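# Summary of the model geometry
Chain by chain, the residues:
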Amino acid sequence: MDSRFGVIVRSVAAALPSGMTTNFLRVPARGLVHLSRIDPRSTAGVSVPSRDDEALKEVAEQRLKENRDTLQKLQYRLWAENKRSLLVVMQGMDTSGKDGVVRHVIAGMNPEGCKVTSFKKPSEIELDHDFLWRIHQQCPAKGEIAVFNRSHYEDVLVVRVHGLVPEPVWRARYETINAFEKSLADSGTTIVKLFLHISKAEQKERLLARLADPEKNWKFNEGDIAERKKWASYQRAYEEAIAKCNTPYAPWHIIPADRKWYRNWAVSEILVKTLEAMDPKPPKGTFTAGQFKF
Ligand code: AMP
Ligand code: MG
């Protein structure tokens, strides 16, 4: 809730040791996750004296713009440094805004060093391999940022909710995921995981808006209605996945996402703080202009 996030937000300002990610909206290290206790309309971290929505929105949009500029600069340095990488894992129910984050936050970065992968239903070839096979191939190389729009977490979410494999198989995956993420972290990848948290009521509004808008109608998928009926099972699956795979080397963040402008700002804030804490440094040049005749 707001007050809980309020406490976390204050710690953003505190200096973070190098290599650590931000605490902003970060899921506390231990314990269960109760999504129903986290307000999807929260605007924690964006405050103005009046708290009216329009004023908050204006502040958040201005700060998002500044954060996008900062992200560009930090990405350039990460690329130049060419030693470490950043992996952003994004999950959320249908219409939670995963594509919106890509368009409004990620799109400002240089595509040469930043790639987005959307993980869909696995192909037959992918299903013939272990569930991490297709994931590992898309992980960022040194200097790169990779963003996952859905991810290996689908293998403990949709797969669990639809019983696509027996329970002991998906249950064993929490540990497999933690070990996989640990090995990425050990080889220089900073991992940030984001759950875009929307309410069921907001999803209804967004699905209706998709149906009503000829520009968005193509995004409507009959399957989304069937998935919506399993809302409670998905929330439970998310709670367990977030709690079991919330590690110091790959922490989860829960982004209140009913307000799109808040969601975009909050994600940009987490990415800026994470890259600032990584503090990438371009290698020192060894040449000077005086050495050369032009
Ligand atoms: P969208 O994100 O709307 O393009 O939809 C992608 C679809 O692929 C969603 O319905 C996901 O649940 C599904 N999907 C992604 N990964 C998996 C997976 N590992 N197993 C089954 N379905 C998946
Ligand atoms: Mg969809």
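This is a predicted model, so every value here is computed, not measured. (Residues numbered from 1 in each chain as written. Chains lettered and ligands numbered in written order. Predicted model: local features only at pLDDT ≥ 70, side-chain atom pairs only at ≥ 80, totals over all residues. Heavy atoms only, no water.)

## Some thoughts on unusual backbone geometry
The test is simple: Numbering goes from the N terminus for both helices and strands, where a helix is a DSSP run of H or I of at least four residues and a strand is a run of E of at least two.
Even without being a glycine, T95 presents a positive backbone phi close to 70°. Looking at the element boundaries, T95 is found in the loop between β1 (85–92) and α3 (98–104).

## Quick word on the site of ligand 1
Here is the rule: We define proximity as follows: a residue is near a molecule or strand when any one of its heavy atoms falls within 4 Å of that partner. We define a polar contact as two N or O atoms separated by no more than 3.5 Å, with the added condition that, inside protein, one atom must be a possible hydrogen donor and the other a possible acceptor, whereas residues neighbouring each other in sequence contribute only through side-chain atom pairs. Under the convention used here, a 1.4 Å probe and the Shrake-Rupley method define accessible areas, while residue burial counts only the protein chains that appear. Under the grouping applied here, Gly and all other residues not named as nonpolar or charged are polar, the nonpolar ones being Ala, Val, Leu, Ile, Met, Phe, Trp, Tyr, Cys and Pro and the charged ones Asp, Glu, Lys and Arg.
Near ligand 1 you find F119, K120, K121, P122, R134, R150, E154, D155, V158 and V159, and these make up its full shell. Within the side chain of R134, a nitrogen or oxygen atom sits 3.2 Å from a nitrogen atom of ligand 1. In the complex, 74% of the free accessible area of ligand 1, which totals 510 Å², lies under the protein chains. Among the residues making up the shell around ligand 1, the classes are represented as four nonpolar, no polar and six charged.

## Things to note about the pattern of salt bridges
Definition in use: What counts as a salt bridge is simple: a side-chain nitrogen of Lys or Arg found within 4 Å of a carboxyl oxygen of Asp or Glu. Only protein chains enter the accessibility calculation, which uses a 1.4 Å probe; a residue whose area is less than 20% of its type maximum is buried, one above 50% is exposed, and one in between is partly exposed.
Scanning all chains against the criterion turns up 18 salt bridges. A salt bridge links R160 to E240; its shortest N-O distance comes to 2.7 Å. Pair noted here: R160 is in helix α6 (residues 158–161) and E240 is in helix α11 (residues 231–244), with a separation of 80 residues, a long-range link. Residue classification places E240 among the buried residues on the basis of a relative accessible area of 17%. Within this structure, R160, E167, R171, E240 and K244 form a network of salt bridges that share partners.

## Let's talk about the confidence of the model for the chain
Residues shown with low pLDDT carry predicted positions that ought not to be read at fine detail. For clarity, the threshold we go by: Within a predicted model, pLDDT stands for the predictor's per-residue confidence, ranging from 0 to 100. We call two residues in contact when some of their heavy atoms are within 4.5 Å.
Residues at a pLDDT of 70 or more form 93% of the chain, whose mean pLDDT is 92. Scored below 50 in pLDDT, residues 1–20 shows 32 contacts in the model against residues more than four places distant or in partner chains.

## What about the sheet that holds strand β4 (residues 189–197)?
Spelled out, the test is: Strand pairing follows a simple DSSP-based rule, namely that at least 2 bridges must link the two strands. For helices, the fitted line uses only the C-alpha atoms of the stretch in contact; every axis is such a line through C-alpha atoms, and the angle between N-to-C directions lies from 0 to 180 degrees.
Reading across the sheet, the five strands line up as β2-β3-β1-β4-β5 and stay open at both edges, with parallel pairing between neighbours. Lying at the two open borders of the sheet, with one neighbouring strand each, are β2 (114–118) and β5 (252–256). If you compare each strand with its neighbour and ignore which way they point, the axes differ by 20° on average. Where β4 meets β5, five bridges bridge the pair, whose relative direction is parallel. Note that in β5 the partner of L196 across the bridge is I255. Here helix α8 (residues 173–186) sits on the sheet and contacts β1 and β4; the angle it forms with β4, its principal contact strand, is near 135°.

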